[in-house]
Amino acid sequence: MGSQNGDTPVSSLPELVEQGKYLEVLLSEPGKALIRSYVHQQQSPSPPPQDQNHNSNSKIVGLAAFNAFLQGNVTGPVLDDTLLSRVEKAFGTTENERKDLARRCLAELQVDGVGVYAYVPLLELFGLARWVLLGLGDDEKERLRVNVWHYKLLTEPSLGSGSSFNKGLQWCEVPSLRAEIERALEGGQEKDGEALVERAMVWIMLGQEKKARGVLEEARRERGFVYTLTGALGRRTKFQERSTSQLVVLARSKGAFESGGGEVRPEGLKLNDDTLLEELKFDKEGGETDIGERDDEKEDVPVELRDIKPDEQPQLAPLDQIILLAEATLKDAFSPADTLTSEEVLPFAVRVISDQGKTNWQIYTHALLVRSRIEVHRSRTMERGVLQMQAVVDQVVVDTTQPERAQTQEEKEGGEENGVPEIKVSVHGDEAAPVDNKPKSFFPAAKPSETAPPEVRLQYIHTLSSPPRWHLESELAYSWAGVGSLVSAMEIFKRLRLWAEVALCYASNAAREDEGGRGKDGEARAKAILRWRLFNKTGTAPENSEQDADEEDVDLDKIREADYHGPQRTPPPSNAPRLWCLLGDLENEKKYYERAWEISGQRYARAQKSLGEYYLQQKDLLSARDAYKQAVHVNRLSNELWNRLGDISLRMGEFADAAEAFSRAISSSDSNGGEDARTWSNLGSAFYSLYVERVKELRQQNENGVSAESAAVPGDDEDEETVEKKEAKDPKTLLTQSLHAYKKGASISHDNWRIWDNVITLASRLRPIAVQEVLLGLQHVVRIRKSEDAVDVDVLRLLLNEAVLSVEKPAGTGIYDPPRGSTERAVVQFLETSIVPLTTARSEFWELITRERVWKRDFAGAIDAAEKAWRAAMGGAGGGLLPGASSTGPDGKSRNWLEDKDAWALVVERTDELVSVLENYGEEVPEIGGKWKGKARLAVRSVMGKGKEAWEDTEEWDRLKGLLEGLK
């Protein structure tokens, strides 16, 4: 064990780390020596000690510093204040030295113009751990963990619509660090279950759903863990009499587990609802296989789980519990925020919470947090969700907040010299009564025996990817805002000194402008806060920059925008680029975006993004394109930036650049939502525009005497690069690429009929036409729009000609049934099951149905379709042969055929077709037989009788006379 004098034996350092005594490791001689080296390095940069003897001790000290930092910011319990005070003095004997070191740490941790959260406690411990563990270079696992936590320190909480912090991450602002993390993840050699789960959680943090899901499945297989989401009969409400199928997660670990590590766990809130049960009550009847209502549902459940009852499940291994929580986070972060998602996600968290055995403190805390994220979006559980999140946050805040120390005589004297009076509060005449500033928790404070020690809490900290304290508090603020308590949210942001979020709250509240005046002047207050952070007071010299910039108890109501038009603060705040961009958004000032770009060292992509949007408002496409080009130059991982650059290039007619930008957007995105469907569609538009351009070029070359074939086909003596360029510009290649992009977009956004319409158009232009794609597109357009006007008759005719009428069928009698799986069968089925029920007024559709039925020797059906085509042209779609006065033309518009020449011509055409079908196939239909001439004559005479006055001297009239003459 370590002594208070810092003479801990070196051999016992690993044991101290295992026991959670991290500060004692830092106070050992190797620890203090490494701290001195780190402080010296901050003043004159140098690598950590590299000799073999020092490397082992350095790694232990680095891990101790890392774990102490995480204990003080993520898990708790509170670090020993006496030991912590001695560690702090090892970093600097005076307050000024420690402040200077903190400033250097903040500057060192800045990446791509983005600074870490400026009020992170114990930041020097993380700086030490990072310097050591990154410098050693022989432990890829620890390097990855340090970089992941560096990323979390840099990432700002975001006001997103999702229920989790991960879902709020719209795009990456620190691409260089993210790229380094991704390289480590993809190059990781460790294949044990814990390492795989940890990698999956990091992929989730980075927004890479497919990679996270793949690694998580690999971890499940490696561990032999079996689980499934299924249904079981049970009741949800207190008054429910009949059991219905309830979603439940059945899970079983490989082997038996009695303990998840730790005797105690945090307290969960009861639901206390007047309708819902505290937990689902499953039916006891039906034996051991009471899963689902049908045998086929039982077959979907893995064999290993069929003997498990939903409310009597075995204890899970800790890593398997984390796999379920990772599955829940995946579904929550990458699925729409709706009721269905909530129903699917909640059972995963409930399965972990309901484990009857001992569960690790941090795992149980994370499960409560996951459950809260879902319940805040459901009316019946909203209250418990918010309050449970409040309880979790309070627990973390209490467990990570160091008690306030009494001022030393030196600090008191220093405060008086600086003009800061010492404040004392007297109670009942006691002149020096202490003030209890310790944070309060939702539940009564736990006794030491009722909490878990640090080594237990930190055991799975990296596998869980638990959020830091200020992220949790920010998420709680968003939850309060989501239930309408914007004041509570703002108070949390004020306490955290997240001034950008405070300004955003004021700005969003400005739109409400309620009668009580709470939303009044919200935008002005937002501007005032941003100016307070970025500028000195009006008339103040630059050297007084820090006079009130970091006041913790500042009264925001007294800050006025007009008071802060002095010189800019030097040095600027750590998150100054973001603040400048927000101020630019509020004041619509280009110079603020330029300032953000400048002070970030031209690394803050959002500054150029904001500039690009500013130029777009000014209709300056060229400048907007240049701004977005600079943005993607520093952040090549943002699909949002690439998408916007593609949009601008498309509008400017730079189709090759647009195709490149949209391709980059797709490659940098892992989402399958509507935004990606739009990107694929835009990529298809870019390729199609290139196709049109190329066709025009070839036509021009042909007119100039250059063979189009020689211009497109590569020669034998051309190098590979030239060949590739020619092949890339081949019209057929461009058209195929465009079709592929539209198909991909349509497959993602199934209900977007416009994308499917583009698929149809492009597929029909290929030679030979892409029959399957045309058919697929038509099926979806009909499904979505449910209207005959949605179908292009020319495309339908082309499909019928190419896929059916051009196919040789076997000779024979009777109705021909195309082979199963054939293209002609699929087209015939589509016409009969989709087009026929839809058609009411489009005579040209019935004409196509007639041809299709003639082809398959369904002569009775062909005559019926020909009659319906004739009636539709005449304007009488009902029974009988009595004509109406209107006709629907090929354009789908209703016109009077007694007045419109084109409509008259269509009626004559349909009459001729009906006569021809009756003449050719009437004898083949027993119900008609020799009566076909009478039916044909009746049709011709009805048209002539109605149209005689208007069309007697026309060519079409003579055609009808000829038909009638032939029927005598």
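Residues numbered from 1 in each chain as written. Predicted model: local features only at pLDDT ≥ 70, side-chain atom pairs only at ≥ 80, totals over all residues. Heavy atoms only, no water.

As recorded in an unreviewed UniProt entry, the protein goes by TPR repeat-containing protein and comes from Podospora pseudoanserina.

Draft legend 1. View of the packing of helix H3 (residues 29–43) against helix H7 (residues 123–136). At a closest axis distance of 10 Å, the pairing of H3 and H7 adopts a crossing angle of 90°. Viewed along their axes, H3 and H7 adopt a mutual orientation that is roughly perpendicular. Every residue of H7 that contacts H3 at Leu-34, Ile-35, Ser-37, Tyr-38 and Gln-41 is listed here: Glu-124, Gly-127, Leu-128, Trp-131 and Val-132. Looking at the contact of H3 with H7 residue by residue, the class counts come to 6 nonpolar, 3 polar and 1 charged. (Axes fitted to C-alpha atoms, helices over the stretch in contact; angles between N-to-C directions. Helix = DSSP H or I, 4+ residues; strand = E, 2+ residues; numbered from the N terminus. Parallel < 35°, antiparallel > 145°, perpendicular 65-115°, else oblique. Contact = heavy atoms within 4.5 Å. Nonpolar A, V, L, I, M, F, W, Y, C, P; charged D, E, K, R; others polar.)

Draft legend 2. How the structure looks around the pairing of strand E2 (residues 244–252). Note that strand E1 (residues 226–237) and E2 share 9 bridges and pair antiparallel. Pairing of Ala-232 across the sheet is with Gln-246, part of E2. (Pairing = 2+ DSSP bridges.)

Draft legend 3. Here's a closer look at the side chain of Asn-682. Within the secondary structure layout, Asn-682 lies in helix H30 (residues 674–703). For Asn-682, a relative accessible area of 14% gives the class buried. Excluding anything up to four places from it in sequence, Asn-682 contacts Asp-647, Leu-650 and Phe-662. (Buried < 20%, exposed > 50% of the residue type's maximum accessible area, 1.4 Å probe, protein only.)

Draft legend 4. Spatial organisation of the side chain of Asn-639. Its location among the elements puts Asn-639 in helix H28 (residues 639–651). Residue classification places Asn-639 among the buried residues on the basis of a relative accessible area of 17%. Sequence-distant contacts of Asn-639, defined by excluding residues within four places in its chain, comprise Ala-665, Ser-668, Ser-669 and Asp-676.

Draft legend 5. Structural detail: the pattern of salt bridges. Counted according to the given criterion, the structure contains 57 salt bridges. Across the salt bridge formed by Arg-531 and Glu-587, the nearest N and O atoms sit 3.2 Å from each other. Of this pair, Arg-531 sits in helix H23 (residues 522–534) while Glu-587 is found in helix H24 (residues 576–587), placing the two residues 56 residues apart along the sequence. Summarising the burial analysis for this pair, Arg-531 and Glu-587 share the class buried. One salt bridge connects Arg-797 with Glu-847, and the closest N-O pair in it is separated by 2.7 Å. In this pair, Arg-797 sits in helix H36 (residues 793–805) while Glu-847 sits in helix H38 (residues 843–855), placing the two residues 50 residues apart along the sequence. (Salt bridge = Lys/Arg side-chain N within 4 Å of Asp/Glu carboxyl O.)

Draft legend 6. Just the UniProt feature "repeat: TPR" (unreviewed entry) in the protein, in detail. Per the UniProt record, "repeat: TPR" (unreviewed entry) is annotated on residues 605–638 and 639–672. Along residues 605–638, the helical share is 79% and the strand share 0%, with 9 Å between the first and last C-alpha atoms. (UniProt positions renumbered as here; feature names shortened; annotations may be inferred.)

Draft legend 7. Main features of the sheet that holds strand E3 (residues 276–282). Strand order in the open sheet made by the 3 strands is E2-E1-E3, with antiparallel pairing throughout. Sheet topology places E2 and E3 at the edges, where each strand pairs with a single neighbour. Across this sheet, the average inter-strand angle for adjacent strands is 50°, counted without regard to direction. Bridging between E1 and E3 involves 3 bridges; their strand directions are antiparallel. Bridge pairing in E3 links Arg-235 to Lys-281.

Draft legend 8. Structural context of unusual backbone geometry. Residue Gly-76 is joined to Pro-77 through a cis peptide bond whose omega torsion reads -5°. Looking at the secondary structure, you find Pro-77 in the loop between helix H4 (52–75) and helix H5 (81–91). Note the cis peptide between Thr-570 and Pro-571, where omega equals -5°. Its place among the elements puts Pro-571 in the loop between H23 and H24. Positive phi values are uncommon outside glycine, yet Leu-122 reaches one of about 60°. Its location among the elements puts Leu-122 in the loop between helix H6 (95–108) and H7.

Draft legend 9. Seen up close, the nonpolar core. Of all hydrophobic cores here, the largest spans 167 residues; its most connected members are Leu-26, Phe-91, Leu-128, Ile-181, Leu-324 and Leu-556. Once residues lying within four places of it in the same chain are set aside, the contact partners of Leu-324 are Phe-225, Tyr-227, Val-249, Ala-251, Leu-316, Phe-348, Arg-351 and Val-352. By size, the runner-up hydrophobic cluster in this structure holds 59 residues, among which are Phe-687, Ala-746, Val-781 and Leu-800. (Core = buried A, V, L, I, M, F, W, Y, C linked by side-chain atoms within 4.5 Å.)

Draft legend 10. Up close: the confidence of the model for the protein. With 81% of its residues at a pLDDT of 70 or more, the protein has an overall mean of 82. Here helix H17 (residues 409–417) stands out as the element of the protein with the lowest mean pLDDT, 47, in contrast to helix H27 (residues 621–634), whose mean of 96 is the highest. For residues 411–436, every residue scores under 50 in pLDDT, and the model assigns this stretch 12 contacts once sequence neighbours within four places are set aside. Counting contacts from residues 876–885, a segment whose pLDDT is below 50, to residues more than four positions away or on other chains yields 22 contacts. (pLDDT = per-residue confidence, 0-100.)

Draft legend 11. Structural detail: the packing of aromatic side chains. Tallying each qualifying case throughout the model produces 18 aromatic pairs. Centre to centre, the rings of Tyr-227 and Phe-348 are 6.3 Å apart; their planes meet at 80°, and the pair counts as edge-to-face. One end of the pair, Tyr-227, is in strand E1; the other, Phe-348, is in helix H14 (residues 339–353), with 121 residues separating them in the sequence. This pair shows no difference in class: Tyr-227 is buried, exactly as Phe-348 is. Seen in terms of ring centroids, Phe-535 and Trp-580 are 5.2 Å apart; in terms of plane orientation they differ by 80°. Their pairing is edge-to-face. One end of the pair, Phe-535, is in the loop between H23 and H24; the other, Trp-580, is in helix H24, and 45 residues separate them in sequence. The same class applies to Phe-535 and to Trp-580, which are both buried. An aromatic cluster of three or more residues is present, and its members are Tyr-38, Phe-91 and Trp-131. One Lys or Arg, Arg-531, reaches over the ring of Phe-535 and ends 4.8 Å from the middle of that ring. In this arrangement the basic side chain of Arg-842 is found over the ring face of Phe-845, its NZ or CZ atom lying 4.6 Å from the centre. (Phe/Tyr/Trp six-rings, centres within 6.5 Å; stacked < 30°, edge-to-face > 60°. Lys NZ or Arg CZ within 6 Å of the ring centre and 35° of its normal.)

Draft legend 12. Representation of helix H13 (residues 318–333). Taking 1.5 Å per residue, 16 residues should reach 22 Å; H13 reaches 22 Å between its end C-alpha atoms and fits that length. Within H13, 16 of the 16 residues are buried, leaving the element largely enclosed by the surrounding structure. (Expected span 1.5 Å × (residues − 1).)

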